[in-house]
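# Topology and contacts: notes
The primary structure of each chain is shown beneath.
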Amino acid sequence: MEIRIRLILLDFDGTLADTRRANALAYTATLREAGIPLSEEEYAARYFGMRCEEFLTHLGIADPAERDRLRRRKIELYPTFFDSVRLNRPLWEFCQQFRAQGGRVWIVSTGQRANIDNVMRHLHLEAGVDGIISALDAPQSKPDPGCFLKAMEIEGATPDETLIFEDSAVGIEAARRSGAAYFVVKL
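Here is a short report on the structure shown in this document. (Residues numbered from 1 in each chain as written. Predicted model: local features only at pLDDT ≥ 70, side-chain atom pairs only at ≥ 80, totals over all residues. Heavy atoms only, no water.)

## A closer look at the overall build of the chain
From N to C terminus, the chain includes eight helices and seven strands. Its C-alpha radius of gyration of 17 Å places the chain within 12% of the 16 Å reference for a compact globule of 187 residues. Along the three orthogonal principal directions, the C-alpha set of the chain runs to about 60 × 30 × 25 Å. Expressed as a percentage of the 187 residues in the chain, the buried residues total 48%. In the chain, 70% of the contacts between residues at least 6 apart in sequence involve partners at least 24 apart. Within the structure as shown, the chain displays about 9300 Å² of accessible surface, and the carbon and sulfur contribution to it stands at 51%. In the chain, the 24 positive side-chain charges and the 28 negative ones have mean positions that sit 2 Å from each other. (Helix = DSSP H or I, 4+ residues; strand = E, 2+ residues; numbered from the N terminus. Rg over C-alpha atoms; globule rule 2.2 N^0.38 Å. Buried < 20%, exposed > 50% of the residue type's maximum accessible area, 1.4 Å probe, protein only. Contact = heavy atoms within 4.5 Å. Areas by Shrake-Rupley, 256 points an atom, 1.4 Å probe, with all protein chains shown as cover. Lys, Arg positive; Asp, Glu negative; His and termini not counted. Charge placed at Lys NZ, Arg CZ, Asp CG, Glu CD.)

Structure, rendered in structure tokens:
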């Protein structure tokens, strides 16, 4: 029996777009305004890829209203650092060829939708995907495979018909748990 890949699922931060520096700069600027010291290097080494709520909680910010205020401020500042964002052009071009041949491509990220949309607009990628699953759509963080399984369900695709591209350890584990084939991306 021949099984054909008909759905590609792309993690966003660190896989399709190298947003590490922009994220680090936006968070460090936000926290500096709040009087919380955090270096770009420390953020990149210890917190990159963590959901905002989890990250701010790890920093000891217990008040939910303050975490939400900082999250919103980070989203405001994020676009000012987009000059440091880099597209994974080979992966993007591969996905566009796949779409031209009738395949479907989704972004599946546990990042904030506003951040994903802003970066996609900056890189002129809006028309290049068929759907986006973000933090609001996936109640459980990776390594839970729910975000990948939800995209498959929406598209009516099985894990055998799906190929996932991921970069982080938790994302790779989520991909593995989903039952789909996956590639590890290193930018």
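Moving on, there is more to tell.
## Quick look at the side chain of Ser109
Within the secondary structure layout, Ser109 lies in the loop between β4 (104-108) and α6 (113-123). According to the relative accessible area criterion, Ser109 is buried, its value standing at 2%. A polar contact of 2.8 Å, which involves the side chain of Ser109, links it to the backbone nitrogen of Gly111. Not counting residues up to four positions away in its chain, the partners in contact with Ser109 are Asp11, Phe12, Asp13, Ile116, Ile133, Ser134, Ala135 and Lys142. (Polar contact = N/O pair within 3.5 Å; in protein donor to acceptor, adjacent residues only side chain to side chain.)

## A closer look at the pairing of strand β1 (residues 7-10)
On β1, burial covers both faces: Leu7 and Leu9 on one face and Ile8 and Leu10 on the other are all buried. Bridge count between β1 and β4: four bridges; the pairing is parallel. Within the sheet, the bridge partner assigned to Ile8 lies in β4 and is Val105. Alignment of β1 against strand β6 (residues 162-166), held across four bridges, turns out to be parallel. Along β6, the bridge assignment pairs Ile8 with Leu163. (Pairing = 2+ DSSP bridges.)

## Remarks on helix α7 (residues 146-155)
Taken as a whole, α7 has its buried residues at Cys147, Phe148, Ala151, Met152 and Glu155. Down the axis, α7 shows its buried residues gathered within 140° of arc, on one side only. Where α7 is buried, its residues meet β1, β4, β5 (131-133), β6 and α8 (169-178). Once α7 finishes, Gly156 follows within two positions and takes phi at roughly 70°, a positive value. (Arc of directions from axis to C-beta.)

## Quick look at the pairing of β6
Where burial is concerned, most of β6 is hidden: five out of the five residues are buried. Side chains Thr162, Ile164 and Glu166 of β6 all project onto a buried face; the interleaved residues Leu163 and Phe165 project onto the opposite face, where all are buried too. You can see the chain leave β6, run along α8 and come back into strand β7 (residues 181-184), and the turn it takes is right-handed. (Right-handed = clockwise from strand over helix to strand, strands pointing away.)

## Details of the packing of aromatic side chains
Taken as a whole and assessed by the stated rule, the structure comprises seven aromatic pairs. Ring geometry for Tyr43 against Phe55: centres 5.3 Å apart, planes inclined by 75°, an arrangement best described as edge-to-face. You can see Tyr43 sitting in helix α2 (residues 40-46) and its partner Phe55 sitting in helix α3 (residues 52-58), a full 12 residues away along the chain. The class for Tyr43 is buried, based on a relative accessible area of 2%. Measuring from centroid to centroid gives 6.1 Å for Phe94 and Phe165, while their planes differ by 65°, and the two rings are edge-to-face. (Phe/Tyr/Trp six-rings, centres within 6.5 Å; stacked < 30°, edge-to-face > 60°.)

## Some remarks on the nonpolar core
Residues Ile8, Leu10, Phe12, Leu16, Ile107, Val119 and Met120 are the most contacted members of the largest nonpolar core, which totals 27 residues. At the level of secondary structure, the elements contributing two or more residues to this core comprise β1, α1 (20-33), α5 (89-100), β4, α6 and β6. Discounting residues that sit within four places of it in the chain, Leu10 has contacts with Leu16, Leu91, Cys95, Val105, Trp106, Ile107, Val108 and Phe165. Leu9, Val108, Phe148 and Met152 belong to the second largest nonpolar core, which has 15 residues in total. (Core = buried A, V, L, I, M, F, W, Y, C linked by side-chain atoms within 4.5 Å.)

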